[in-house]
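Each chain, written out:
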Amino acid sequence: MVESRVRRLALALLEAGADPSLCPPEAAALRLQLRSALAALGDAEPEELLGSVAQFLQQRQELPWPWREQVLAAVAAVIRSRLPELGAGAASAAVALAAQEMGRSKDPERQEAAGAVLVELGRRFLGPVLEELLRKFPPGILPPPGPIRTLADLAAANVFGMVPFLSSILATLVPLLGTARTDSMKCTLCYALQRFGESIQEYVAGRAEAPDPTVRSDAFGLELGAAFDILSHGWMQARDGKVRLAALEALGPLSSLIPGEQLEEQLPKLLPTVLGLYRKHPEPFPISKSLCQLLEASVALGSRSLEAQLEPLLAALLAQLVAPADPNVPTSSKNQAELLRCFSVLAAPFPARLLAWLLPRLESGSERHRHGALRLLRHLLNSAPSQMEMQKVSILSALKVPLQDPSNKVKCALVQLISALAHHGFLEQPGAEALLEFLVEQCALPAEPPAGIPEENPEDPTSADVRSVSVSTLLLLSSTVPRLGHVLWPFLLPLLLRPRLRPALVPLCRSLAGLAQRHRPDQHGNLPSPQALTVRLLAVSSQPWSCGGRGAPALRLLRELRILPELEKSWDAEIPKLLRLLEENTEDSLDQQEWEEKLLQFLRESLSSIPDKSWICPLVSETFRQLRDADGFPAEKNFLYRYMGTALGLCPGKEQVRKQLQELLENARYQEETEREGLASCFGICARNHLEETLEKLEEFEKSDVCRKSQGLFSIFKDRSDSEPEQPRAALVLCLGRVAAAAPPELLRSRLEPRILGCLLQLGRSKVLGIKVETKDPALKLSLARSISMVGRALAQGGSGNFPGNFGNYPGNYPGNGPGGSGSVAHKAELVALMVEFLRAEPPEAPRTRLRQHALSACAHLVALEPALSDSERSELLDAALGSVLPLPPPESGKNREQPGAQELLQEALAALTELLQGILRSRLSPSGLQEIFAHLGPWIRSPREPERERGLGIGKSLLEFFLENLDVRAVTPFPALPALLALLAPRCSDGIPEIRSRSLDCVRALLRIQLCFQGFSRDHRDELLEELQELKAGLENSQFPDFSVLFQTCSRLGAVLGRRIPPEQLPGLLLALLEAWTDPERNCSRAAAAIGNALIRERGEILHEQVPELLQALHARVALHAEPQLQRAAQRAVQLLALRLPRRTVGCLLARGLPLDSPGCCLWRALGSEPALTPLVLEQLLERLSREIPFQESPAGRVATTLPLAATRALAELAAAPEAAAALQERFPELFQVLLLRLGGSVGIRPPKSLRGRDRNQLQPGSCAVQTMKAVLARAGNDDVVRDVGSAGGWELMEIPERHHDGIALLAGAMARLCGPRLPPIVRSLIPVLGSALECQRVTSSAFLAELLSHKVVNDLVLLEPILEALTALEKDSCLLVRVLALRGLGNVASGSPEKIRRHGAQLLASMLQGMDDKDDPNNLLALEAMSSLSKILDHLEERDVQSMLLHIAIRIRPFFDSEHAALRHSSIVLFGNLSHFGRADSEVFSEQILNGLVTLLLHLQDPQPDVVKACKFALRMCGPSLGCEELREMFGNHLREERGLHYGEFLNDVCKFLMRSRPALLGRLISTNLFYFKSPWRELRAAAAMSVGFLVLHVDEEQGQQVDLDQLISALQLLLKDPAPDVRIKAAETLGRLVRIL
């Protein structure tokens, strides 16, 4: 019986795969699964399966080949896994079946599938298989390809079993080779000979373990030799490439098995033939592999004919080696390895000839050939070192030409070859220096290729790749090849001084430092001098992050060199400090100037500690020499100039100093700015110790031809930058400035006027024929400004004391800086005028040079000197200075973004301007002096351009703080500049720029502090009002665009402070000035002026009696005419402030102005709301209109809103916008809320009145208007939290959608219940009567509101539960379906709001729910859905006796919804079923049957396409678990079906079926029949799950219980499922069919 079932199941699987209707894309996956099922059956009953397959294949002769192939593969898999248990009879039958299948077709692929079965059987049953195969070998006739290929595979699979039989097989097969006519047969025979040869080689190699050790390779020589002849003479010349390739693959293994003399005879013809195959076949690996085997056999034989063919053989191999690899050929890398192996084989017998042929190819040919030759040479060095040892000289000589190769690919190969040469001792030979030099040059390659040279191949190595491998190789050689130390040290050390090898300094320094540390090489010989090394390494260290971080390696090398014994101790202490500084910083964090100063200090201390100062003289000469080599490296050259200055300063010989300075001036490259900077730095440093010699050389240079100027008339009209070189004069000017800045003060004064300033003026303004000519060269102008600034700074630092800032001593003098003193300059006015000309000539664009800041800095230093400037000179200077900096465009704007350093230049210019203005103010420290500067600064502070305002106010703040800090008032005096300055600065506290706002308050505080000082208070007097201003800054600095209310409060508080601190006589002037500020181009500042003015009126209005008419006239005009809304409100507020003093004014006429549809009307209504006395009267009128008027009228086009209720609603919204209306709104809140709630219901989906047109019609939508009014009233009545709560849930938007209006009302009700419950009783009492309204919209709104209230506990606390329940219960017969749904929802909400009341009203609630489920007027089951959802909530609070009577009725009623097409119904019914399971636990017989009936449905719906349904099934199964009577299932459902946990459905269902079959095996039939029902489910997920469920049930059922399954029905159903359109369903069905073996 079991056998028949296995056979039936196997036949079902076999028939499923043979279905001709399967689509090709899906058939492969299905048949693969069916093959797995067959393999599973065979694993259980292998012999029975083999018999079934044999029967099937015999009956289905026309079976599609793809399925027949899969069936045979399944048979092979079964035999492979169960071969040890397979009986001889079954094996014989399988052999016969496979042999029959092999003979069924002549197609080699089909024969191969049957041959795979025979090969698996031959691993154990070799005799029957071999006997069956040999039957396919009729005498004198070639057998089909299948048996031959099977024999070959069998020989490879069972070597020790087959090789002893190969002699007879070969004796039979080889004589028949000549009868092969087709190419496919020839390929098969070649394949067999190849496998036979490999098997023989493997047998002979493992002969010690073989069953017959007497078998030797020569036993097969005769047959294999004959085969070799046929293949080499005949088939190697075949037309078909496959035949040639197959023959060659067979010749390779055979070559070592045939007699040696035969191979020697065949070799002259065979090798050219093999090499010729390279040109005919795209995949060369098989050719290279066979060729290597032939060469190995030939070399082992000692063949002489091989030597005659060596050169063509080498040429062909090299051509293949250098051929570009085809990415589509996966064996390319293997082919390369085989080719190199061929060369290694040839290198053993022919090393000299091989090198003689290879070395010339390093110099000629294509790039690929040169690269390949280098690779080959490196391979030979590593694979045949003994043969290459004798060829050192020729190899080194041949590498000279490749060193000049420009190809990066060749360079990489050369570097790798150099590494190999070093490890084999080649670099110690004479002539190897060129290789080392090449290696270092590659270390200096640029990271990027030169511009304009395109890359030939993006896959080739780049210059960066070559450099990287070269650096690694150099470091490797210097650290891992000890014997190279004596070679590398004398060669690498001089390379440090080569300028073109700068990029290689890092690896050079590291290599030399390692060599010096390990070997301590000799310092003598032809090596660089200690001075040269010192200069070079310190200069390199000045740019520590250049060239990959060369600073640290250079310093380490300098320490290891031990240049002077006297310096070793100090250098061992100081150099680690410098290295530590580099380690603690990065390129961005290290201060470059500070670092260079440390290096110069290190040099200075080192030179000072040398006893023999004559050592410095060669150091100076070497520094000068390296200066010339530093051209093109400006930063390094600048440091070398400073290095030179330091060395010259410590040089003992004055004549040598003069000589060296002269050489510097003669050889400098003046056209380069960095060169001029470096030269000036050198002269400045040198002047510290040699001032006279330095000035003497500069004077000589000024008189030389280099600086001589043309005196012709036409030179006036020439551009000096074109007509003659100005750069030498610029360098001279800069040198004079540096000398003045560095010279000792006691020596500078006597030389300043005649020798420095006179020269500067002469160079700045020369005269041609008595006419002053200003220089146009920017470099000379910049140098002049810098030098004059340095001179001024030097004089200021050389003076005694600072300006005390005493107002009583105005204008004041610096002590000791009077005329003729150390701070007096006779040419001051000329110098200032020159700088003003420079400033005016600067273009109004983003700064590109530092000319502005240096000119401003020069003026700042000059202003402090005597004599003082006149008023006109000072005014001219102020205009020029402000106009040159403040209007500059921001660096981030327009084309300035691409200009590097523009931001830094601008900040420096602003700092220099501030310094200058402070200097001017210091020279005239008085209110008039302050007002004079602000008179020039004011237009910039009021500028419409933000950058100008920000810069101007920043400067103003600095000036006020400076004025306050230096002010010293001796008597109480007025501060007349206060009103004008306050009107200018105070409104800026509302500017759009945060920095301007902050600075404005700082300026106001400074002005008020100055006012306090003028009133007699001390500068540090603490004033509470001023401290209050300081607190206002936080709100102004928080964001880029702060809330206007914050600005308004700040301005109001600022105005209050000003009102208390400004003198009464200055208040009118300040107010009038502020009114003029309303026209400020910056809108925020005009608003601030209005707010400050209002605050002043509120604070000090009683003193404005005479100015009130004028102020009122201006303010009333602002209300009607000003377009700025904020200014309109400010003007209205100002009118109200003035009207508060006129109580007779009335607001009655404002009520008659009409509907509030335009902006003036809205303003009027808000004004009414802001007056508490008028608000109650207005509310009364509005409520009366809203209550009595109907909300809409019916029309053919739909419902249209009535005008009066809409206008009243709009007015109420504007009224509620006034904060002062809060008290009146709170008093009438219940009535207001009820009226507005009904207004919401009556406004949804209706159109605006026809009287409204255009924009007004679009803006006054009734629904939106009602929502906005409700929000405004709630917020103003103190319930803004309700507004936020509803808004966060999207409730306000839902209220305007007719289909979702009731959901928005429910959100509003919930928020009211949570946040303002005490206000609900009067609202509820007023809403209950509305449930009977004739208007359906009002019934829907009120029922939605009341239904949601029942979900909150506050209803029960306020004794509102029973009235609402009674009212909602009465709605069960309402004509509106939505009202009935909302009523049921409200009844269900009792479980959430008042669960303790459920049992009291349980019968009433259950009756309502059942009536809802049974309602016939419910086509879409909306009532049933709501009833099930509500019933699920109610059941949690009822006891079993409350539900017992209707439990089964509910369960039966909801079962059809489990498979409803609507996901919501499925979800609600399944959740309700889970809740019902609570009441079936006490008596399992009552509800257990319902649970068992629904168990399969719930398990399958875990794969429901809707996630909510899946969650519901998890909940229901967790609830039903305890009622199943199985502890394992209960635990599984509780652990695995938690909502937050993911579920592996297959594993879970497998475990469920396992525990079900253990605990309730009798349910198998019912469970399978239920699953069979879902085989026709509309959801493919459920069909697949049902098939999988059946498979798992069968998998875990006992044999005895399996008898209750109707196997025929099940197999038939699964067979139908195998034709399902969904591929995953068919695959699951196939899996289940494979598992049916359990019940067979």
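Since the structure is predicted, the reported quantities are computational estimates derived from the model, not experimental observations. (Residues numbered from 1 in each chain as written. Predicted model: local features only at pLDDT ≥ 70, side-chain atom pairs only at ≥ 80, totals over all residues. Heavy atoms only, no water.)

(A) Spotlight on the overall build of the protein. Check the secondary structure of the protein and you find 82 helices and four strands. For the protein, the residues scored as buried account for 54% of the 1640 residues in total. In the protein, once contacts between residues fewer than 6 apart in sequence are set aside, the share between residues at least 24 apart is 74%. Counting every atom, the protein has about 69800 Å² of accessible surface; 52% of that belongs to carbon and sulfur. (Helix = DSSP H or I, 4+ residues; strand = E, 2+ residues; numbered from the N terminus. Buried < 20%, exposed > 50% of the residue type's maximum accessible area, 1.4 Å probe, protein only. Contact = heavy atoms within 4.5 Å. Areas by Shrake-Rupley, 256 points an atom, 1.4 Å probe, with all protein chains shown as cover.)

(B) Fine view of the packing of aromatic side chains. All chains considered together, the criterion is met by 10 aromatic pairs. Taken together, a centroid distance of 5.0 Å and an interplanar angle of 5 degrees make the contact between F975 and F1014 stacked. Linking F975 in the loop between helix 45 (946–966) and helix 46 (978–985) with F1014 in helix 47 (residues 994–1014), this pair joins segments that are 39 residues apart in sequence. Like F975, the residue F1014 is buried in the burial classification. Members of the aromatic cluster, each reached through a chain of ring pairs, are F1229, F1233 and F1345. The residue whose ring lies beneath K1554 is F1555, and the NZ or CZ to ring-centre distance is 5.2 Å. (Phe/Tyr/Trp six-rings, centres within 6.5 Å; stacked < 30°, edge-to-face > 60°. Lys NZ or Arg CZ within 6 Å of the ring centre and 35° of its normal.)

(C) Structural context of the layout of surface pockets. Considering only enclosed or pocket space, the second largest pocket measures out at about 680 Å³ in volume. Along the walls of the second largest pocket sit 21 residues, with Q593, N638, R642, S681 and R738 positioned nearest its centre. The set of elements that each furnish at least two residues to the lining of the second largest pocket consists of helix 30 (592–608), helix 32 (634–649), helix 34 (673–687) and helix 37 (727–742). A per-class count over the lining of the second largest pocket returns six nonpolar, seven polar and eight charged. (1 Å grid on protein atoms, 1.4 Å probe; cavity = no way out; pocket = protein on both sides within 12 Å on 5 of 7 lines; lining within 4 Å. Points joined across faces, edges and corners; volume = space filled by probe spheres on them. Nonpolar A, V, L, I, M, F, W, Y, C, P; charged D, E, K, R; others polar.)

(D) Looking closely at empty space enclosed by the protein. Summed over the entire model, instances satisfying the criterion amount to six cavities of 30 Å³ or more. Together, L497, R498, P499, R502, R536, R625, Q626, D629 and E636 line the second largest cavity. In terms of residue count, helix 31 (residues 616–629) provides more of the lining of the second largest cavity than any other element does, three residues in total. Partitioning the lining of the second largest cavity into residue classes produces two nonpolar, one polar and six charged.

(E) Highlighting the confidence of the model for the protein. On average, residues of the protein carry a pLDDT of 79, and 87% of them reach 70 or more. For residues 1142–1156, every residue scores under 50 in pLDDT, and the model assigns this stretch 21 contacts once sequence neighbours within four places are set aside. (pLDDT = per-residue confidence, 0-100.)

(F) Region of the structure containing the nonpolar core. One finds L1308, M1312 and F1345 to be the most contacted residues of the largest nonpolar core, which totals 526 residues. Take this core: its biggest share by element is 11 residues, from helix 47. Contacts of F1345, omitting those with residues within four sequence positions, involve F1233, L1237, I1305, L1308, A1309, M1312, L1320, I1323 and L1327. (Core = buried A, V, L, I, M, F, W, Y, C linked by side-chain atoms within 4.5 Å.)

(G) Representation of unusual backbone geometry in the model. Phi is positive for C547, which is not a glycine, with a value near 55 degrees. With respect to the helices, strands and loops of the structure, C547 is situated in the loop between helix 27 (530–541) and helix 28 (551–561). With a phi angle near 55 degrees, R562 is a residue other than glycine that sits in the positive phi range. Summarising the element assignment, R562 is placed in the loop between helix 28 and helix 29 (565–583).

(H) Looking closely at the side chain of E693. Relative to the elements of secondary structure, E693 occurs in helix 35 (residues 691–703). Residue classification places E693 among the buried residues on the basis of a relative accessible area of 7%.

(I) Broad picture of the environment of A347. Its place among the elements puts A347 in helix 17 (residues 332–347). Owing to a relative accessible area of 0%, A347 belongs among the buried residues under this scheme. Between the C-alpha atoms of A347 and Q387, which are 40 residues apart in sequence, the distance is 7.3 Å. Aside from chain neighbours lying at most four places away, what touches A347 is L354, L380, A384 and Q387.

(J) Representation of the packing of helix 32 against helix 33 (residues 654–667) in the model. The N-to-C vectors of helix 32 and helix 33 enclose an angle of 165 degrees; their axes lie 11 Å apart at closest approach. Our classification of the angle between helix 32 and helix 33 gives roughly antiparallel. By crossing handedness, the relation of helix 32 to helix 33 is classed as left-handed. Facing helix 32, whose interface residues are Y641, M644 and L648, helix 33 presents V657, Q660, L661 and L664. Of the residues in the contact of helix 32 with helix 33, the class split is six nonpolar, one polar and no charged. (Axes fitted to C-alpha atoms, helices over the stretch in contact; angles between N-to-C directions. Parallel < 35°, antiparallel > 145°, perpendicular 65-115°, else oblique. Left-handed = near helix turned anticlockwise from the far one by under 90°.)

(K) Quick look at the side chain of Q33. Structurally, Q33 is set in helix 2 (residues 24–44). On the accessibility criterion, Q33 (18% relative accessible area) is buried. Excluding residues that lie within four positions of it along the chain, Q33 makes contacts with I1627, A1630 and E1631.

(L) Quick peek at helix 24 (residues 463–480). Between its first and last C-alpha, helix 24 extends 25 Å over 18 residues, near the 26 Å set by a 1.5 Å rise per residue. Along helix 24, the residues that are buried comprise S463, V466, R467, S470, T473, L474, L477 and S478. Projection of helix 24 onto a plane perpendicular to its axis shows the buried side chains occupying an angular sector of 130 degrees, all on one side. (Expected span 1.5 Å × (residues − 1). Arc of directions from axis to C-beta.)

(M) Region of interest: the pattern of salt bridges. Tallying each qualifying case throughout the model produces 62 salt bridges. When the shortest N-O distance is used, the salt bridge between R135 and E132 registers 3.3 Å. R135 gets classed as exposed once you look at its relative accessible area, which sits at 56%. Exposure remark for E132: the relative accessible area of 18% places this residue in the buried category. Its salt-bridge partner being D1504, residue R1466 comes within 2.8 Å of it at the nearest N-O pair. (Salt bridge = Lys/Arg side-chain N within 4 Å of Asp/Glu carboxyl O.)

(N) Examining helix 77 (residues 1527–1536) more closely. Among the residues of helix 77, L1529, M1532 and F1533 are the ones counted as buried. Buried residues in helix 77, looked at end-on, bunch into an arc of 95 degrees, giving them a common side.

(O) Quick look at the environment of L732. Here L732 is to be found in helix 37. Through-space distance from the C-alpha of L732 to that of F701 is 7.9 Å; in sequence the pair is 31 residues apart. Once residues within four sequence positions are removed from consideration, L732 is found in contact with L698, F701, E702, C707 and L763.

(P) Spotlight on the packing of helix 29 against helix 30. Where helix 29 contacts helix 30, the axes come no closer than 11 Å and their chain directions differ by 175 degrees. By the angle between their directions, the pair helix 29 and helix 30 is classed as roughly antiparallel. Along the contact surface, helix 29 presents L567, W571, E574, I575, L578, L581 and L582, while helix 30 presents W595, K598, L599, F602 and S606.

(Q) View of the environment of Q903. As for its placement among the helices and strands, Q903 is situated in helix 43 (residues 902–923). Distance in space between the C-alpha atoms of Q903 and P890 is 7.7 Å, their sequence separation being 13 residues.

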